[in-house]
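Structural overview for review
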There are 4 protein chains.
Amino acid sequence: MTVLTLQDAVRRTEAGMVQADALGVAVNIAVVDAGGHLLHFARMDQAWLGSIDIALKKAKTAMLFRMPTAVIGQISQPGGPCYGIEATNDGLISFGGGLPIIDEHGRTVGAVGVSGGDVQQDTEVAEACLSAAG
Amino acid sequence: MTVLTLQDAVRRTEAGMVQADALGVAVNIAVVDAGGHLLHFARMDQAWLGSIDIALKKAKTAMLFRMPTAVIGQISQPGGPCYGIEATNDGLISFGGGLPIIDEHGRTVGAVGVSGGDVQQDTEVAEACLSAAG
Amino acid sequence: MTVLTLQDAVRRTEAGMVQADALGVAVNIAVVDAGGHLLHFARMDQAWLGSIDIALKKAKTAMLFRMPTAVIGQISQPGGPCYGIEATNDGLISFGGGLPIIDEHGRTVGAVGVSGGDVQQDTEVAEACLSAAG
Amino acid sequence: MTVLTLQDAVRRTEAGMVQADALGVAVNIAVVDAGGHLLHFARMDQAWLGSIDIALKKAKTAMLFRMPTAVIGQISQPGGPCYGIEATNDGLISFGGGLPIIDEHGRTVGAVGVSGGDVQQDTEVAEACLSAAG
């Protein structure tokens, strides 16, 4: 199984910051490994302090369930099949901005979490992190 | 009172895994005793890491209230009679997949919690755990 | 990198329970994967309830630092180089009974944690878990 | 007052990693701002997972009290003037490897926390982070 390296995580973070700059937002970017453990983190100047925890939890959420955090949001609404799931695992994030990193064999090897813009912007930054060559 | 044994818990877990295989899902299965304390746990290969905590909490929830976790879900919706109950007891789960183990005298002697598939699948696996002879 | 399977974890747990029986103690045995996440757990009948958490934390500790928990105990004494380390990572265990599982390439792929006997007994049970063929 | 930038934090982290490589250890490095909030984090490949939390807490500790973590260790021993202080603030670290970043006016503008080697190695890496020009 491919193991995410720090060098790879840094490259992804940098690609995300380029995209954030293009969007005119300041974000926090977290990259976790396949066990959900923090590998790299960067807070752009002027990014919200409250988004540090959100970026960390978005990355953790996307890794623990190997799916985008936005999907968790769809199933966790009041009346939905997994209402309340966000309170498990010491806190999950159930809106967009967290995406799994999937290797060429289809295996989830880590995840990125982005927070600081609106959900659409965070998602676009996370996608830029994924596009960066591993 | 019947006391759940490790042997019994293992048998129930194994029956659940057979059902999970039949459904094509990889789940986490937790069995707790009458005090809500962990007796046995197994994570099938490829099961979500985020479901470990959910399986443990489903079993705990079903034991603490001696009812299926899905029932907790019905009463804990916004506007419902026990809105917010899932935040008690260091975290409950309010959707299906946790079931009490009831002995031949109608007494709850433990509970199983299953997580890894969708709610319907988790519930079917939990029912398979209950069907296994104690 | 070798990934610990549930089958391997069950085999190690069973080997540990055979050793515990031979010693006349009832223990809790936890096996975690390379990310420190729970893979398998069993509590022998009559084992202390308070040892559930200790077994889980011993396994976590041995994995997070890739060393026996007893070594953490040596460096965390008052006046020692890492006094207070046991309060990190949501709680570590700093006495014997947790051992890393090391593969044939020298890589730590998981860990076992045993609690229920005295430290010497717990350690012997953990060693039996390690000796079981992976 | 000088505000620590991400660029500055990255430069300090990179200087620390050069020193860690020279010492032959793999460490986690965290940099926090004047509010104790995470600005940058990097885990070198092969660094202990258990050191993530320690590096983060070392940086936080050094900032919250504007002093090296080793000093907290001296006053928190059994019988010492601040015995137990490490349990405050959601957990402090009371051994070496966390150092305040002090600007040219003598003001503490952030801190670095390093964990992964022994205390002497962690301290040397943290000193290398401080030596990097802001």
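Preceding this paragraph is the structure being described.
Right, let's walk through the structure included here. (Residues numbered from 1 in each chain as written. Chains lettered and ligands numbered in written order. Predicted model: local features only at pLDDT ≥ 70, side-chain atom pairs only at ≥ 80, totals over all residues. Heavy atoms only, no water.)

1. Some points on the interface of chain D and chain A
What counts is decided by this rule: Between two residues, a contact is recorded if the distance between any of their heavy atoms is within 4.5 Å. Buried area: the accessible area, evaluated with a 1.4 Å probe, that two parts lose upon being put together, summed over both parts. Here, a salt bridge means any side-chain nitrogen of Lys or Arg that lies within 4 Å of a carboxyl oxygen of Asp or Glu. Identification of polar contacts relies on pairs of N or O atoms within 3.5 Å, with a donor-acceptor requirement for protein atoms, meaning one able to donate a hydrogen and the other able to accept it, and with residues adjacent in sequence counted only if both atoms are side-chain atoms. Working definition: helices are DSSP H or I runs of at least four residues, strands are E runs of at least two. Numbering for both runs from the N terminus. Asp, Glu, Lys and Arg are counted as charged, while Ala, Val, Leu, Ile, Met, Phe, Trp, Tyr, Cys and Pro are counted as nonpolar; the rest, among them Gly, fall into the polar class. A pair of strands is labelled paired if DSSP reports no fewer than 2 bridges between them.
Chain D puts 16 residues into the contact, and the matching count from chain A is 16 residues. Together chain D and chain A conceal approximately 1,400 Å² of surface at their shared face, both sides included; 57% is due to carbon and sulfur atoms. On the chain D side of the contact with chain A, D:L6, D:L38 and D:R43 bury the most area, a combined 38% of that side's loss. Counting across the interface, chain D meets chain A through 2 salt bridges. One salt bridge connects D:R43 with A:D33, and the closest N-O pair in it is separated by 2.8 Å. Taken together, chain D and chain A are joined by 12 residue pairs in polar contact (both at pLDDT 80 or more). Broken down by element, the side of chain D that touches chain A gets its largest block of residues, 6 residues, from strand β2 (residues 38-43) of chain D. Taken together, the residues that form the side of chain D that touches chain A break down as 10 nonpolar, 3 polar and 3 charged. Two strands pair when backbone bridges link them, and strand β2 (residues 38-43) of chain A and β2(D) are joined in this way by 3 bridges, in the antiparallel orientation. Residue pairing in the sheet places A:F41 in a bridge with D:F41 of β2(D).

2. What to know about the pairing of strand β1 (residues 28-33) of chain A
Here is the key point about a regular strand: its side chains alternate between the two faces of the sheet. Residues and elements named next belong to chain A. What counts here: A 1.4 Å probe rolled over the protein chains alone gives each residue an accessible area, and that area as a share of the maximum for its type sets the label: buried under 20%, exposed over 50%, partly exposed in between.
With 6 of 6 residues buried, β1 lies mostly within the body of the structure. The alternating pattern of β1 places N28, A30 and V32 on one face and I29, V31 and D33 on the opposite face, and all of these are buried. Relative to strand β4 (residues 108-115), β1 runs antiparallel, the two being bridged by 6 bridges. Bridge pairing in β4 places D33 opposite G110. Connecting β1 to the antiparallel partner β2 that follows it, the hairpin turn spans 4 residues, and G36 within it adopts a positive phi of roughly 80°.

3. Looking at the relation of the copies chain A and chain B
What counts here: Residues reaching a pLDDT of at least 70 in both copies supply the C-alpha atoms on which the copies are superposed by least squares.
Once chain A has been moved 0.4 Å along the axis and rotated by 90°, it coincides with chain B to within an RMSD of 0.1 Å. This pairing of chains is accounted for by a four-fold axis. Identified as the residue of chain A closest to the rotation axis by C-alpha distance is A:P78, at 4.8 Å. Interface overlap between copies is the fraction of interface residues in one copy that are interface residues in the other; for chain A against chain B it is only 14%, indicating separate surfaces.

4. Notes on the interface of chain A and chain B
At the junction of the two partners, chain A supplies 14 residues and chain B supplies 18 residues. Overall, the association of chain A and chain B removes approximately 1,300 Å² of surface from exposure, summing both partners, and the carbon and sulfur fraction of that is 60%. Counting the surface chain A buries against chain B, the share from its top three residues, A:F65, A:R66 and A:Y83, is 40%. Linking chain A with chain B are 0 salt bridges, by the criterion used here. Linking chain A to chain B there are 8 residue pairs in polar contact (both at pLDDT 80 or more). By residue class, the composition of the side of chain A that touches chain B is 9 nonpolar, 4 polar and 1 charged.

5. Observations regarding the relation of the copies chain D and chain A
Here chain D sits on chain A after a turn of 180° about the axis and a move of 0.1 Å along it, with an RMSD of 0.1 Å. The transformation just described matches what one would write down for a two-fold rotation axis. The rotation axis passes nearest to the C-alpha of D:F41 in chain D, at a distance of 2.4 Å. Both copies present the same face, since 100% of the interface residues in chain D are matched by interface residues at the equivalent positions in chain A.

6. Observations regarding the side chain of D:S115
Residue and element names in this part refer to chain D. Structurally, S115 is set in strand β4 (residues 108-115). S115 gets classed as buried once you look at its relative accessible area, which sits at 4%. Residues contacting S115, with those up to four places away along its chain left out, are V27, N28, S51, I54, A55, K58 and D122.

7. Some points on the side chain of A:N28
All names here are of chain A. One can find N28 in strand β1. N28 gets classed as buried once you look at its relative accessible area, which sits at 0%. A distance of 3.3 Å separates a polar side-chain atom of N28 from the backbone oxygen of W48. In this view, N28 contacts F41, A42, R43, A47, W48, S51, I52, A55, G113, V114 and S115; residues no more than four positions away in its chain are not counted.

8. What about unusual backbone geometry?
Residues and elements named next belong to chain A. One non-glycine residue, N89, lies in positive phi territory at about 55°. Among the structural elements, N89 can be located in the loop between α3 (69-75) and β3 (98-102). Taking relative accessible area as the criterion, N89 reaches 13% and is therefore assigned buried.

9. Side note on the sheet that holds strand β1 (residues 28-33) of chain D
Selection rule: Fitted lines through C-alpha atoms serve as axes, helices being fitted only where they are in contact, and the angles separating the N-to-C directions of these axes extend from 0 to 180 degrees.
If you trace the 8 strands from one edge of the open sheet to the other, you get β3(A)-β4(A)-β1(A)-β2(A)-β2(D)-β1(D)-β4(D)-β3(D), paired in antiparallel fashion. Strands at the two margins of the open sheet, each flanked by one partner only, are β3 of chain A together with β3 (98-102) of chain D. Mean inter-strand twist for the sheet, computed between neighbouring axes without regard to direction, equals 15°. Sheet strands in contact with helix α4 (residues 119-131) of chain A are β1, β3 and β4 of chain A, and its direction is about 145° off that of β4(A). Across the sheet, helix α1 (residues 6-23) of chain D is in contact with β2 of chain A together with β1, β2 and β3 of chain D; its angle to β2(D) comes to roughly 30°.

10. Notes on the sheet that holds strand β1 (residues 28-33) of chain C
On the basis of which strands lie adjacent, the open sheet formed by 8 strands has the order β3(B)-β4(B)-β1(B)-β2(B)-β2(C)-β1(C)-β4(C)-β3(C) and antiparallel pairing. At either end of the open sheet lies a strand with only one pairing partner, and these are β3 (98-102) of chain B together with β3 (98-102) of chain C. The mean angle between the axes of side-by-side strands here comes to 15°, regardless of whether they run parallel or antiparallel. Direction of pairing for β3(B) relative to strand β4 (residues 108-115) of chain B: antiparallel, over a ladder of 5 bridges. Bridge pairing in β4(B) links B:P100 to B:A111. Where helix α2 (residues 50-64) of chain B meets the sheet, it contacts β1 (28-33), β2 (38-43), β3 and β4 of chain B together with β2 (38-43) of chain C, and its direction lies at approximately 155° from that of β4(B). Of the strands in this sheet, β2 of chain B together with β1, β2 and β3 of chain C are in contact with helix α1 (residues 6-23) of chain C, which crosses β2(C) at around 25°.

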